[in-house]
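Next come the chains, spelled out residue by residue.
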Amino acid sequence: RIQILFEMSELKYSSLISDIDIESMWIAFAQLAKKHGACSLASGTPDIPAPSKLKEFLVRAVDIPACNWYAPPGGHGDLVSAIIERYSTAFNGLLKEESQVQVCVGAYQAIHFVYQSFLQEGDEVVCFEPYFDCYTMNALTTKCSIVFVQLQIQDDRWVLNKEAFLKAVSPKTKMIILNTPHNPTGKVFTREELEVIAEVCRANNLLVLADEVYDCYTYSHNHVKIATLPGMWDRTITVHSAGKMYGVTGWRVGWAVGPSRLIRPLKLVCVCDNFCIPTLLQDALANMLRDGSEDTPRRLADSYLRNMTRLSKEFHEMGFNVLLPEGSYFMVIEFTSLSETLQNMLEEEDTGTSVDVRVSNLITRRYKLCMLPLSLFYSPRSNCPKTLLRVTFAKCDETIDTAIQCLHKMKADILRCKHV
């Protein structure tokens, strides 16, 4: 017979995905936490219940016949209208038409659509590091290049290095990725920093991908949308996340907003990709946005702030330096002052990895608490700090209580080591 099943080993992956490693840090550290039965403050997945009102809206949607049908590719009409109503004022009244909104399978897909719509081989994208890994994953599929600019720590705050940013922009630069409030640092870019970025974008005709999925969660600094600065609406695509807003990251619903000419390509990509987003979820979120939409994010922000305050107090008392976040639900802790003490506890850890990875493994294995080494959020060739860990505080009270119990055990050992 015709040998249809020829040597399968000869089949090769598409060049678009051949360089992508699915064994990401998220999988590795989830497995590490599970292996040791550890409480995880590694993943930014809230373990809180979904808002009761949102669940009611979802149940109600099941009984609406049209909610069980395909939605328009750009988004369910009610949700698109609700998004415009919620954000119109925030964008100085410039967001007002359905053509300016694209609903996606989470903000992650919105970012993917932007890459697919505007970038190709030879283009350069400027990205501030540390950074969330989806920016580089998408660069691999479009063959564009990422130019990294390190944020600096000054007086326990993350700040923009203006000189490094200006140096990173070249004639090949096509887009700036701006994540504020920032994951993983918790930084909120100041108006002055945004004006520097905006000036460069206007002068070089650059597109801005503004990843603002944590815009509901600010603590010590006000969030400014770069699209509201002079001349920036016409060159900015802003991404938001319902999952982050309501603590339901598994719903995977987000949206991109901007001028119609920039959103139109995203709509075309959506038709070729997944066509539409689950209608039931969109209908429930439309009702949620219209029915006291600010209440749930505000309550979550208050809860996250309490968690952050509790954890930062514990870390500080243990000798960690805490870089308090200005927004998002992540904070960074530094263990430089504990280096000698921790070094005495690291004998069993793999000496072939960086010290922050070893410390993270130690705390996970011995004290059953998992936190992420910040060096994993930097580009491979980056000369980055190796004494920082990222901590998530978007957790329920029980998880925070458990984490603090783990820290108390570690604190006792640290004190014992200091007195040996």
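The structure presented is a predicted model; accordingly, all values stated were derived computationally and were not measured. (Residues numbered from 1 in each chain as written. Predicted model: local features only at pLDDT ≥ 70, side-chain atom pairs only at ≥ 80, totals over all residues. Heavy atoms only, no water.)

> Would you take a moment to explain the overall build of the protein chain for this structure?
Secondary structure summary: the protein chain contains 14 helices and 15 strands in total. On C-alpha atoms alone, the protein chain measures out to a radius of gyration of 22 Å, which is about the 22 Å that the 2.2 N^0.38 rule sets for 420 residues. Viewed in the frame of its principal axes, the protein chain has a C-alpha envelope of about 65 × 65 × 50 Å. In the protein chain, which comprises 420 residues, the share counted as buried stands at 55%. For the protein chain, contacts bridging at least 24 residues in sequence account for 74% of all contacts bridging at least 6. Surface exposure of the protein chain reaches about 19,200 Å², of which carbon and sulfur atoms provide 52%. Between the centroid of the 43 positive side chains of the protein chain and the centroid of its 48 negative side chains there is a distance of 1 Å. (Helix = DSSP H or I, 4+ residues; strand = E, 2+ residues; numbered from the N terminus. Rg over C-alpha atoms; globule rule 2.2 N^0.38 Å. Buried < 20%, exposed > 50% of the residue type's maximum accessible area, 1.4 Å probe, protein only. Contact = heavy atoms within 4.5 Å. Areas by Shrake-Rupley, 256 points an atom, 1.4 Å probe, with all protein chains shown as cover. Lys, Arg positive; Asp, Glu negative; His and termini not counted. Charge placed at Lys NZ, Arg CZ, Asp CG, Glu CD.)

> What's the story with the packing of helix α3 (residues 77-87) against helix α10 (residues 279-290) in this structure? I'm lost.
Closest axis-to-axis distance for the α3/α10 pair is 8 Å, and the angle between their directions is 30°. Between α3 and α10, the interaxial angle falls into the category roughly parallel. As for how α3 packs across α10, the hand of that crossing is left-handed. Facing Asp78, Leu79, Ser81, Ala82, Ile83, Glu85 and Arg86 of α3, the residues of α10 in contact are Gln282, Asp283, Leu285, Ala286, Leu289 and Arg290. Here the contact of α3 with α10 is composed, by residue class, of six nonpolar, two polar and five charged. (Axes fitted to C-alpha atoms, helices over the stretch in contact; angles between N-to-C directions. Parallel < 35°, antiparallel > 145°, perpendicular 65-115°, else oblique. Left-handed = near helix turned anticlockwise from the far one by under 90°. Nonpolar A, V, L, I, M, F, W, Y, C, P; charged D, E, K, R; others polar.)

> I would appreciate a short explanation of the side chain of Ser328 in the present structure.
Along the polypeptide, Ser328 turns up in the loop between β11 (321-323) and β12 (330-334). What makes Ser328 buried here is its relative accessible area of 0%.

> So what exactly am I meant to see when it comes to the packing of aromatic side chains here?
Tallying each qualifying case throughout the model produces 16 aromatic pairs. Their ring planes at 75° and their centres at 5.9 Å tell us that Tyr70 and Phe275 sit as a pair that is edge-to-face. Residue Tyr70 is located in the loop between α2 (52-62) and α3, and its partner Phe275 is located in the loop between α9 (260-273) and α10; the two are separated by 205 residues in the primary sequence. Given a relative accessible area of 71%, Tyr70 falls into the exposed group. For Phe275, a relative accessible area of 35% gives the class partly exposed. Positioned above the aromatic ring of Tyr87, the side-chain terminus of Arg86 is 4.7 Å from the ring centre. (Phe/Tyr/Trp six-rings, centres within 6.5 Å; stacked < 30°, edge-to-face > 60°. Lys NZ or Arg CZ within 6 Å of the ring centre and 35° of its normal.)

> What is the right way to look at the pattern of salt bridges in this model?
Where charged atoms of side chains with opposite charge meet at close range, the side chains can pair. Using the criterion set out here, one finds eleven salt bridges in the structure. Because the salt bridges share partners, they merge into one network encompassing Glu212, Asp215 and Lys225. (Salt bridge = Lys/Arg side-chain N within 4 Å of Asp/Glu carboxyl O.)

> What am I meant to see in the environment of Pro72 here?
Here Pro72 shows up in the loop between α2 and α3. Taking the C-alpha atoms as reference, Pro72 lies 40 Å from Thr399; in sequence the two are 327 residues apart.

> Please clarify how the sheet that holds β11 should be interpreted in this entry.
Within a sheet, neighbouring strands are paired by backbone hydrogen bonds and run either parallel or antiparallel to one another. As summarised here, the arrangement of the four strands in space is β11-β12-β15-β14, forming an open sheet in which the pairing is antiparallel. Two strands in the sheet have a free side with no partner beyond their single neighbour: β11 and β14 (372-373). In the packing of helix α11 (residues 295-318) onto the sheet, contacts are made with β11, β12 and β15 (388-392), and the angle to β12 comes to roughly 5°. The strands touched by helix α13 (residues 355-367) within the sheet are β14 and β15, with β15 carrying the most contacts at an inclination of about 45°. (Pairing = 2+ DSSP bridges.)

> Would you mind going over the nonpolar core with me for this structure?
General note: in soluble globular proteins, nonpolar side chains tend to be found buried as a group. The biggest cluster of nonpolar side chains holds 101 residues, and the ones touching the most others in it are Tyr115, Trp255, Leu311 and Phe315. Apart from residues no more than four positions distant in its own chain, Tyr115 is found in contact with Tyr135, Asn138, Ala139, Thr142, Cys144, Ile146, Met175, Ile177 and Leu209. Core analysis: the second largest hydrophobic core is formed by 40 residues, Leu160, Val208, Leu229 and Met232 among them. (Core = buried A, V, L, I, M, F, W, Y, C linked by side-chain atoms within 4.5 Å.)

> In this structure, what is going on with the packing of helix α4 (residues 106-118) against helix α5 (residues 134-142)? I would like to understand it.
When two helices pack together, their arrangement is captured by the angle between the axes and the distance separating the axes. Between α4 and α5, the least distance of the axes is 10 Å, while the angle of their chain directions is 35°. Crossing of α4 over α5 shows right-handed handedness. In this structure, α4 contributes Tyr108, Ile111, His112, Tyr115 and Gln116 to the contact, and α5 contributes Cys134, Tyr135, Met137, Asn138, Ala139, Thr141 and Thr142. Broken down by class, the residue content of the contact of α4 with α5 amounts to seven nonpolar, five polar and no charged.

> Would you take a moment to explain the pairing of β12 for this structure?
For a regular strand, side-chain orientation follows a simple rule: the groups alternate between the two sheet faces. Summarising burial for β12: four of the five residues are buried, a large majority. Of the pairings in the sheet, the one linking β11 to β12 comprises three bridges and is antiparallel in character. The residue of β12 that forms the bridge with Val322 is Ile333. Between β11 and β12, which pair antiparallel one after the other, the connecting turn spans six residues, and Ser328 there sits at a positive phi close to 70°.

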